[in-house]
Structure formats: C-alpha cells, structure tokens
Amino acid sequence: MAQQAESKTIKPAVIRTDFQTNSQSNSQTYMQTDIQKLYELFLNSTGVSTDSREIKPGSIFFALKGENFNGNKFAADALKEGAIYAVVDEPSDSRDPRI
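Everything numeric in this text was worked out from a predicted model, so none of it was measured.

Participant: Is there a simple way to think about the pattern of salt bridges in this case?
Facilitator: Close approach of charged atoms allows side chains of opposite charge to pair. Applying the stated rule across the entire model yields three salt bridges. With a closest N to O distance of 3.7 Å, Lys65 and Asp89 form a salt bridge. Placement of Lys65 in the loop between strand 3 (60–62) and helix 2 (75–80) and of Asp89 in the segment after strand 4 (85–88) is noted, with a sequence separation of 24 residues between them. Classification of Asp89 by relative accessible area gives partly exposed; the value is 41%. Sharing partners across several salt bridges, the network here consists of Lys65, Asp89 and Glu90.

Structure (structure tokens):
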C-alpha cells in the first residue's frame, strides 16, 4: 500500500518558470531547485489542472500557452477557484499579491 504524504497547509502562490540565465550551470541549478520545490508542492496537492474552469480545491494550475490561447491570463482565476499554486511563464497584471 502506498504511503500518503503528510498533509501541510500551503499558502496559495504563483510559481514563475523562467530558466534564462547567463550561466549554464546557474540555469541548471535554478531548474533543479524549482523542480524540487514543484515536486514537494505536488505531493501536498490534490492534483493538477490546465483548465481554470475545472479547478478542484487544493490543486496546482499549470498555465499552458498555444497559438490561440494563453493560460497565464487565467492564473488569478484558478487561485480564486481553489488552486493552491499556479505555474506560469510570464508576468501577471493582477494585483493579487499571490501572483
């Protein structure tokens, strides 16, 4: 039987994924740190979603971007709907301090 991770209260926030740095080694270290942090958040979440209209409380929202859509624009909505974190790759115009 799989062991369940200890539940912790996590303050909602936004994680920005920006791995562009001048140094290759700094970039790799930055990525490892963010990936480790994201994995820990995932273990304490209820799941993941890429659709801000279908957020389940305690989930992590991943903002996908394509030719005809930009999920970054819905990060604040996802947090309002109960996501504990939103993973985005561009700045937000929201005044929400969690972004």
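After that view of the structure, there is still more to cover.
Participant: How should the nonpolar core be read in this particular structure?
Facilitator: Side chains of nonpolar character tend, in soluble globular proteins, to be buried together. Grouped together as the largest cluster of nonpolar side chains are nine residues: Ile55, Phe61, Ala63, Ala75, Ala78, Leu79, Ala83, Ala86 and Val88. Put simply, the parts of the chain that give this core at least two residues each are helix 2 and strand 4. The greatest single-element share of this core, amounting to three residues, is contributed by helix 2. Leu41, Ile60, Ile84 and Tyr85 belong to the second largest nonpolar core, which has five residues in total.

What counts and how
- Residues numbered from 1 in each chain as written.
- Predicted model: local features only at pLDDT ≥ 70, side-chain atom pairs only at ≥ 80, totals over all residues.
- Heavy atoms only, no water.
- Salt bridge = Lys/Arg side-chain N within 4 Å of Asp/Glu carboxyl O.
- Helix = DSSP H or I, 4+ residues; strand = E, 2+ residues; numbered from the N terminus.
- Buried < 20%, exposed > 50% of the residue type's maximum accessible area, 1.4 Å probe, protein only.
- Core = buried A, V, L, I, M, F, W, Y, C linked by side-chain atoms within 4.5 Å.

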